[in-house]
Amino acid sequence: MSDVPMSDVRLSDAPTSDTGTPLLRPVARPRPPSAFSNALVFGWRAVLKFRHVPEQLFDLVMTPIMFTLLFTFVFGGALAGSPGDYLQVFIPGILVQTVVFNAVYSGMGLSTDLGKGLFDRFRSLPIWPLAPFAGLMVGDILRHLIAGGIILGIGLALGYRPEAGVVGVVAAFLLLLVIGFGVGWIFLVLGLLLKTPTAVMTIGFAFLFPINFASNIMVDPATMPDWLQAFVDVNPVSFMTTAMRGLMAGTATVGEVALALAAPVLLTLVLAPVTLVLYRRR
Amino acid sequence: MDAPDLAGRPPAVADSVPLAVRARGLVKSFGTMRAVDGIDLDVPRGVIFAILGPNGAGKTTLMRMLATLSRPDAGTATVMGHDLVTDAHAVRGEIAMTGQFASLDEDLTGRENLLLLARLWGFRGRAAGARADELLAAFDLSDAASKQVKDYSGGMRRRLDIAASLVVTPGLLFLDEPTTGLDPKARQDVWRMIRALAASGVTILLTTQYLDEADQLAARIVVIDHGRKIAEGTSRELKAAVGSGFLHVALADPARLDAAATLLAARLGAVVQRSPEGARLSVMAGSPQAATEALAALIAAGIELSDFSMASPSLDEVFFALTGGGDAAPAQEVRP
Ligand SMILES: Nc1ncnc2c1ncn2[C@@H]1O[C@H](COP(=O)(O)OP(=O)(O)OP(=O)(O)O)[C@@H](O)[C@H]1O
Ligand SMILES: [Mg+2]
């Protein structure tokens, strides 16, 4: 940046007053930053948003707390004999469900930004075109970690015991982040296609409710009708839940984890390019 | 290009002066509607250039194309010497755009918005903060620096939005309707700022719906409607085509309407419009001088007036004059 004022420009209300009137000097462009640095800046923006809009944390935290408490105490006895036994299978499942639902937020945020013309400004800057998405991802990761941490905390307080210990929990949370990342693309695409954040949420939920409930998260599929069992058996959410339970209990097989990763990897491979094309074409 | 019937050749800008924008036959369609229908544009460097047009004329669409935000369906353009399509990244390095609607993060504070952009441009650490503070001070926003943008007034948002375009001084600044919705004082502030920027060497391409705004600021004006250029020239040239405005008179005695209309038509050589409310007439006057003489003639003929006024030409009247009244009439070159 140049520090040499070429010509001083006064922009304040009183052009004749020179009492401390600020000057706007021509400023040259600094050395172009790296793509990674651009992405970090957007990540910083995501963090700021948490600071300024604490309401979004409320949403994020209340739903999983309610789900965990209600399911454990209302249905736990009927579904698993006792709330304590139910917790052992339910906590890994509700973690998956929470992350999958939370993926909606970045799509909604994207739709909001696009509606306000904010992305127009970003797109007219000489930056790495995907950097704004990296920021959304950072926001997602924070959301997943916050919500996941709260659920795990409640679970532990209620008596849930991950048998695989800290290593198992860390592995499970890494899997969660991959799941959130993969599912996130669906909502980024919706965010680019749909005009309002509410539309993103409505369509998103219309699709998320069935795939979460028709899974092995809450209820043992053996009690379901055959046709539904057939669906539950191939539902990617079921694979994710099975792998999460395995990781936290220390019984996971490579096959289970691979099946859980299949959907997120596939979604990323297919939808990341779609996202880029849609974004460029707007 | 193949743009039908445009306003003749581009203005006589010396070929040696590199242009800020050189566009030929730009087209952008939405469905079957051609929002921009074959526009040529030559914007010299270092001037304020205005695109004047009514709602839906295609101003925003044209500007978004030139700012690399949407791809032209046809036509070519260079912006600051770089090809718009094949070298968009280089174009982005030299332009900044303040869109029609504020492109700010409402949840962040004013300072954070500027900080975000400063960091994206590559200012690091303290330099980014210093740049943000400098812009806040220059735009009279220091007091509101740590307020969230959603609590800003319309004028403050506009100032911040423009400041956000100046983090790095651009070679070419696009301003889409920079003063729409502002009160007269805020409007004056923005005008002053635009002039100051231009004086420091920034080329400014702005759109407006107000003839007086284009008149106040711009060295050159392009008038567009229905996605086509219908006139181009300096403000003086346009006004010469339009006349200095409309003379409106109200008669004390409605019975003399015909006599007054005949007299005005004869004196001013223009079509006299009757207002539906009754005893009112409007007619285009070539100059204040001619209008005064016509008024004197009315009084000399014993026609009593209850009111009269001279209004500078409105956008409607400019279009009326430039297109001869026909909707989307053929283009007309305005020459001195
Ligand atoms: N994304 C879009 N999809 C469909 N039609 C569009 C889109 N953007 C603009 N249009 C249409 O293109 C035409 C030109 O719009 P544009 O926004 O360029 O006009 P404008 O001159 O900027 O008007 P205003 O003064 O109201 O801002 C309008 O008829 C508008 O409806
Ligand atoms: Mg517009």
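None of the values given here were measured: they were computed from a predicted structure.

Cut-offs and rules
- Residues numbered from 1 in each chain as written.
- Chains lettered and ligands numbered in written order.
- Predicted model: local features only at pLDDT ≥ 70, side-chain atom pairs only at ≥ 80, totals over all residues.
- Heavy atoms only, no water.
- Helix = DSSP H or I, 4+ residues; strand = E, 2+ residues; numbered from the N terminus.
- Buried < 20%, exposed > 50% of the residue type's maximum accessible area, 1.4 Å probe, protein only.
- Lys, Arg positive; Asp, Glu negative; His and termini not counted.
- Salt bridge = Lys/Arg side-chain N within 4 Å of Asp/Glu carboxyl O.
- Contact = heavy atoms within 4.5 Å.
- Pairing = 2+ DSSP bridges.
- Near = heavy atom within 4 Å.
- Polar contact = N/O pair within 3.5 Å; in protein donor to acceptor, adjacent residues only side chain to side chain.
- Areas by Shrake-Rupley, 256 points an atom, 1.4 Å probe, with all protein chains shown as cover.
- Nonpolar A, V, L, I, M, F, W, Y, C, P; charged D, E, K, R; others polar.

Undergrad: Provide a residue-level description of the side chain of arginine 245 of chain A, including the pertinent values.
TA: Residue and element names in this part refer to chain A. Looking at where arginine 245 falls in the secondary structure, it is placed in helix H10 (residues 236-249). Here arginine 245 sits buried without a salt bridge, and the closest side chain of opposite charge, aspartate 220, lies 7.8 Å off (N-O distance). Excluding anything up to four places from it in sequence, arginine 245 contacts Val89, Pro92, Asn216 and Ile217.

Undergrad: With reference to specific residues and values, describe the pairing of strand E2 (residues 33-44) of chain B.
TA: The two faces of a sheet get side chains in turn, since along a regular strand they alternate between them. Residues and elements named next belong to chain B. Counting buried positions along E2 yields 10 of 12 residues, so the element is predominantly enclosed. Summarising the sheet, strand E1 (residues 19-30) and E2 pair through 9 bridges and their orientation is antiparallel. When the sheet's bridge partners are listed, lysine 28 is paired in E2 with valine 36. Turn length for the E1-E2 hairpin, with the two strands adjacent in sequence and antiparallel, is 2 residues, and the turn residue glycine 31 shows positive phi of about 65°.

Undergrad: Which residues make up the site of ligand 1, and what are the values?
TA: Residue and element names in this part refer to chain B. If you check the shell around ligand 1, you find 14 residues, and the closest are Asn55, Gly56, Lys59, Thr60 and Thr61. Between ligand 1 and the protein, one listed contact pairs an oxygen atom with a side-chain N or O atom of threonine 61 at 2.5 Å. The separation between an oxygen atom of ligand 1 and a polar side-chain atom of glutamate 177 is 2.8 Å. In isolation ligand 1 offers 630 Å² of accessible surface; the protein chains occlude 61% of this area. When residues of the shell around ligand 1 are traced back to their parent elements, those giving at least two are E2 and helix H1 (59-66). In terms of residues, the shell around ligand 1 owes the most to one element, H1, which gives 3 residues. Broken down by class, the residue content of the shell around ligand 1 amounts to 5 nonpolar, 7 polar and 2 charged.

Undergrad: How would you sum up the pattern of salt bridges? Please name residues and give values.
TA: Residue and element names in this part refer to chain B. Overall, the coordinates contain 26 salt bridges over all chains when judged by the stated rule. Ionic pairing is found between glutamate 177 and lysine 59, a salt bridge with its closest N-O pair at 3.6 Å. Of this pair, glutamate 177 sits in the loop between strand E7 (172-176) and helix H6 (184-199) while lysine 59 sits in helix H1; the two residues are 118 residues apart in sequence, bridging distant segments of the chain. The buried category is assigned to glutamate 177, whose relative accessible area is 3%. Owing to a relative accessible area of 4%, lysine 59 belongs among the buried residues under this scheme.

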